[in-house]
Amino acid sequence: MHRGDGDGTRDTFEQAQHVAKPFSAETDNFSGASGLLFEQAMAQTRMAVCLTDPRLEDDPIIFCNKAFERLTGYRQEEVVGRNCRFLQGPKTSQKQVAKIREAIRSEEVLVVELLNYRKDGSTFWNALHLGPIYDDKGELRYFFGSQWDVTDIHLARAEERHAKAMAREVSHRLKNVFAVIGGIVNITGRAMDARPVSGKINERIQALGRAYEPTLDEAAFGTIEVGQAIRSVLSPYDPEGGRIVFEGNGARTEPNAVSAIGLTLHELATNASKYGALSNREGTVTVSWHHEEDRHGRQSLVIDWKEKGGPPITAKPEPTGTGFDIADRLLAFSRGTLDRIWEGDGLRARISLALKS
């Protein structure tokens, strides 16, 4: 099936019409109830099906169903007696055609995708399932071919590949931007004798970079899986693993929320490293995330931060600070909030971000 067409296509077709007899369930080992079931099954299935006869010259089609006619635009009388190669065209991959030719030669089952052409010249991606059919004596009688239009899948794959290529380019440029900004901050800090300040700014810039990098591949599709950003931002604060426990599912949010999430988690982790559960050897932090619906039916992304095992909290710490002020402003811009409660064994914090309806 589908072997390269030559110049004598019409002659071959006319000759084959005289030789190839249309498949009949009554005369080809299907009789009575079996023949009726075969005909009804072929008529009702949405999958395009054809049978070829390898015992005849050029392995012509001897049967096709209505789904095959609808898929290709050819009527049965235009198909029977022809080799399947008439569905090929200039852009059909000869590498895939060679696989089909080899499968026929070796009588093997094959599933392959190739570009085919309809009667009106339009193209479609065909998922072809090819296999031999033997009689009760084990002799080859037919080749069975089923065709499935997978054009939409190919287009989706192409769009996904393009989006990922663009995301890689954006990722590369974003890294360069963060590197340039970091360099400017360092130079300015040295010139103004404010290295501690520039160091804190650069820590936040790096946290932003870590938040964005693992999510860019998905950003082109409108939402990102928030767990990737959370793990990436917090990984430097738990280099050996085990101190920060992650508990979350595949909750998603819009890409614009990544900045607020990244910087807020950075501030919480920095605070925990200096004063909280990450400032000693025993403390742990559990970070969980999920979608939540309020009584008005509005969806929110909720990220919970729970510290345990850090230094005992005897008094409520000062609630303000430059880092948390930045986080609060970014969260407010993204329709979010940060609530903090200091309990005896550690800080409890909740980040809540409204999702677009």
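Residues numbered from 1 in each chain as written. Predicted model: local features only at pLDDT ≥ 70, side-chain atom pairs only at ≥ 80, totals over all residues. Heavy atoms only, no water.

Chemist: Let's hear about the packing of helix α9 (residues 226-234) against helix α10 (residues 258-274): which residues, and what values?
Modeler: It is at 9 Å that the axes of α9 and α10 come closest, and there the two elements cross at 40°. Both α9 and α10 take part in a crossing whose hand is right-handed. Between α9 and α10, the contacting residues are V226, I230, V233 and L234 on the first element and I261, G262, L265, H266 and A269 on the second. Grouping the amino acids of the contact of α9 with α10 by side-chain chemistry returns seven nonpolar, two polar and no charged. (Axes fitted to C-alpha atoms, helices over the stretch in contact; angles between N-to-C directions. Helix = DSSP H or I, 4+ residues; strand = E, 2+ residues; numbered from the N terminus. Left-handed = near helix turned anticlockwise from the far one by under 90°. Contact = heavy atoms within 4.5 Å. Nonpolar A, V, L, I, M, F, W, Y, C, P; charged D, E, K, R; others polar.)

Chemist: Quick one: what's the story with the sheet that holds strand β2 (residues 61-64), residue by residue and with numbers?
Modeler: Spatially, five strands are ordered β2-β1-β5-β4-β3 in an open sheet, and the strand pairing comes out antiparallel. Each edge of the open sheet is held by one strand with a lone partner, namely β2 and β3 (110-117). Put simply, the sheet's adjacent strands are angled 30° from each other on average, direction ignored. Pairing analysis gives five bridges linking strand β1 (residues 48-52) to strand β5 (residues 140-149), with the strands arranged antiparallel. Its bridge partner being in β5, T52 is matched across the sheet by F143. Packing against the sheet, helix α5 (residues 94-106) makes contact with β3, β4 (123-134) and β5, and its axis sits at approximately 130° to β3. (Pairing = 2+ DSSP bridges.)

Chemist: Mind laying out the packing of aromatic side chains, listing which residues take part and the relevant values?
Modeler: All told, the structure shown has two aromatic pairs when counted by the stated rule. Geometrically, the ring pair formed by F246 and W289 is edge-to-face, given 6.5 Å between the ring centres and 65° between the ring planes. On the criterion of sequence distance, the pair formed by F246 in strand β7 (residues 244-248) and W289 in strand β9 (residues 284-293) is long-range, its members being 43 residues apart. Among the residues examined, W289 registers a relative accessible area of 2% and is labelled buried. (Phe/Tyr/Trp six-rings, centres within 6.5 Å; stacked < 30°, edge-to-face > 60°. Buried < 20%, exposed > 50% of the residue type's maximum accessible area, 1.4 Å probe, protein only.)

Chemist: Could you give an account of the sheet that holds β7, naming the residues involved and the relevant values?
Modeler: Pairing in this open sheet of five strands is mixed, and the strands run β7-β9-β10-β12-β11 from one edge to the other. With partners counted over all chains shown, the strands left at the sheet margins are β7 and β11 (336-343), one partner each. Across this sheet, the average inter-strand angle for adjacent strands is 15°, counted without regard to direction. Alignment of β7 against β9, held across five bridges, turns out to be parallel. Within the sheet, the bridge partner assigned to G248 lies in β9 and is W289. Across the face of the sheet, α9 comes into contact with β7, β9 and β10 (299-308) while running at roughly 160° to β9. Strand contacts of α10: β10, β11 and β12 (346-354), with the helix running at about 10° to β10, the strand carrying the most contacts.

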